[in-house]
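Descriptive analysis of the structure
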Amino acid sequence: MENIDEIATAALKAGRIICESSGETYRAEDTITIIGHSLGAERVEAYVTPTCIITQTEIKNDSGKSIKSTQAVRIKKRATNLEKITAVNALSRKIAAKQEVVDYDKLEAEIDNIANMRSYGFFFSLFIAALSGFAFTSLFAGSLPDACVSALIGVVMRLVLFAVAPLKLSPFITTIIGGSVVSFLSALVRSCGVPIHFAIVNIGTLMYLMPGVAIVIAIRDIIGGDYVSGTSRAMEAFVVALALSVGAAAGLLVFPDVLNYNTSLSVLQKPLPAFFYAAAASIAFACIFEVKNKFHIGLAALAGGVSWLFYVLLLRGGVSSLQACFLGSFSAGIIAEIFALLFKAPS
């Protein structure tokens, strides 16, 4: 049997990967429990919040006496990395299916390999930022010049975020910087006389920075009964959204004349183009969140395209925009859950 501290440390490592990758609270706790039991622990308890993990592991020695180990780790950095969550989830499923004590060294090596997964490269990240701006601007019924300008601004915004990354700023400050760059450049291009729609370009590019995953995880945690984690994640999403609003106002302060232009937004209602642009936007977000499995990226594109198509068809059928948005979002969630059940991956 392994040393109790080794068991606790291995389980804690796996849970930490999930928390640092913006995984759900229940997933982190289940993973810690499964890995602890798989290494021979009699009892494993885990308390997880977005900023802290506390575990207690118990084993019995050869004389039958219980030995306990309590460990805690502070989660100081968080980024959305769905590929790491998927890898830890697959490892947890594999261990649970065996229902036997696993080899500690092999398990630790697998966990370390997951923790050290490389992110997408510099140039590919720039391409994804451009794809996101182009696709979302097109979905908001922007013209081809609007979409091209959004793509270029998205690249510049990503370059700036790369430049400030070594400073290790808080997500709040980083989002303000990103939003300010997008807003300033959108307003600058419009003020220079380029015939673009400021609001469409601005919002289409800013979608890259939206805290969508944080909102979804917060809702899932609250539904699952993890009210502390759910509330803190919801507050985090609110703070990031506030930072995005502050940054988005920067261009309007420097170039107030853009306020004289029409800022109303609509959506592309041609079904086939809307499907492909939504699929492209979904691919962009999948890559932003570090999904590397091509099959999973394809599923994300299909789910995004179908749910947006459903939304567009509802609008064309006379359904109100609020109802269509709710039903479209609901369909996206249902499709994601079905894919998760069929292909054994997080939704």
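Residues numbered from 1 in each chain as written. Predicted model: local features only at pLDDT ≥ 70, side-chain atom pairs only at ≥ 80, totals over all residues. Heavy atoms only, no water.

**Thoughts on the overall build of the protein chain**
If you tally the helices and strands in the protein chain, you get 14 helices and three strands. For 347 residues, the compact-globule estimate of 2.2 N^0.38 gives 20 Å, and the C-alpha radius of gyration of the protein chain, at 23 Å, lies within 12% of that figure. Referenced to the eigenvectors of the C-alpha coordinate spread, the extents of the protein chain come out at roughly 80 × 45 × 35 Å. Burial analysis of the protein chain (347 residues in total) assigns 47% to the buried set. Summarising the internal contacts of the protein chain: among those between residues at least 6 apart in sequence, 68% fall at separations of at least 24. Surface exposure of the protein chain reaches about 17300 Å², of which carbon and sulfur atoms provide 65%. Distance from the positive charge centre (27 side chains) to the negative charge centre (25 side chains) of the protein chain: 7 Å. (Helix = DSSP H or I, 4+ residues; strand = E, 2+ residues; numbered from the N terminus. Rg over C-alpha atoms; globule rule 2.2 N^0.38 Å. Buried < 20%, exposed > 50% of the residue type's maximum accessible area, 1.4 Å probe, protein only. Contact = heavy atoms within 4.5 Å. Areas by Shrake-Rupley, 256 points an atom, 1.4 Å probe, with all protein chains shown as cover. Lys, Arg positive; Asp, Glu negative; His and termini not counted. Charge placed at Lys NZ, Arg CZ, Asp CG, Glu CD.)

**With respect to the environment of Gly 230**
Note on placement: Gly 230 falls in helix H10 (residues 227-248). In this structure, the C-alpha to C-alpha distance between Gly 230 and Ala 214, residues 16 residues apart in sequence, is 9.4 Å. In this structure Gly 230 touches Ala 218, Asp 221 and Ile 222, once residues within four positions along its chain are discounted.

**Let's talk about the state of the cysteines**
Two cysteines joined by a covalent bond between their sulfur atoms form a disulfide. Here the structure, examined in full by the defined rule, presents zero disulfides. In this structure Cys 19 is not part of a disulfide, and its nearest cysteine sulfur, from Cys 52, lies 9.2 Å away. (Disulfide = S-S within 2.5 Å.)

**A closer look at the sheet that holds strand S1 (residues 43-49)**
Read across the sheet, three strands follow the order S1-S2-S3 without closing on themselves; strand pairing throughout is antiparallel. In the strand order of this sheet, the two ends are held by S1 and strand S3 (66-74), each with one partner. Sheet twist, expressed as the average angle between the axes of neighbouring strands with direction ignored, equals 10 degrees. Bridge count between strand S2 (residues 52-60) and S3: nine bridges; the pairing is antiparallel. Its bridge partner lying in S3, Ile 53 is registered against Val 73. The sheet strands contacting helix H1 (residues 4-20) are S1, S2 and S3, and the helix crosses S3 at an angle near 30 degrees. Lying on the sheet, helix H2 (residues 25-38) is in contact with S1 and S2; it crosses S1 at an angle near 155 degrees. (Pairing = 2+ DSSP bridges. Axes fitted to C-alpha atoms, helices over the stretch in contact; angles between N-to-C directions.)

**Overview of the packing of helix H7 (residues 171-191) against H10**
The interhelical angle for the contact between H7 and H10, taken along N-to-C directions, is 35 degrees, at an axis separation of 7 Å. When you trace H7 past H10, the crossing you get is right-handed. Residues Phe 172, Thr 175, Ile 176, Gly 179, Ser 180 and Ser 183 of H7 lie in contact with H10, whose contacting residues are Val 239, Val 240, Ala 243, Leu 244, Val 246, Gly 247 and Ala 248. For the contact of H7 with H10, the class distribution of residues is eight nonpolar, five polar and no charged. (Left-handed = near helix turned anticlockwise from the far one by under 90°. Nonpolar A, V, L, I, M, F, W, Y, C, P; charged D, E, K, R; others polar.)

**A look at the pattern of salt bridges**
On inspection of all chains with the given rule, the structure shows twelve salt bridges. We note a salt bridge from Arg 233 to Asp 221, for which the minimum N-O separation is 2.8 Å. In this pair, Arg 233 is assigned in helix H10 and Asp 221 in helix H9 (residues 212-223), connecting sequence segments twelve residues apart. Overall, Asp 221 belongs to the buried group, its relative accessible area being 0%. Linked through salt bridges whose partners overlap, the residues forming this network are Glu 24, Arg 27, Arg 220 and Glu 337. (Salt bridge = Lys/Arg side-chain N within 4 Å of Asp/Glu carboxyl O.)

**Points about helix H6 (residues 144-164)**
Taking 1.5 Å as the rise per residue, H6 with 21 residues should run 30 Å; its terminal C-alpha atoms sit 31 Å apart, in good agreement. Considering only its buried residues, H6 is in contact with helix H5 (122-139), H7 and helix H8 (198-206). (Expected span 1.5 Å × (residues − 1).)

**Considerations on the pairing of S2**
Here S1 pairs with S2 via seven bridges, running antiparallel. Note that in S2 the partner of Val 48 across the bridge is Ile 53. From the end of S1 to the start of S2, which pair antiparallel, there are two residues. From the end of S2 to the start of S3, which pair antiparallel, there are five residues, and Gly 64 there has a positive phi angle of about 90 degrees.

**Examining the packing of H6 against H7**
When two helices pack together, their arrangement is given by the angle between the helix axes and the distance between those axes. One way to put it is that H6 packs onto H7 with a least axis distance of 9 Å and a crossing angle of 145 degrees. The element H6 and its partner H7 pack so that their crossing is right-handed. Residues Val 149, Ile 153, Val 156, Met 157, Val 160, Leu 161 and Val 164 of H6 pack against Thr 174, Ile 177, Gly 178, Val 181, Val 182, Leu 185, Ser 186 and Val 189 of H7. Its residues assigned to classes, the contact of H6 with H7 shows twelve nonpolar, three polar and no charged.

Treat this as a map of the structure, not an account of what it does.
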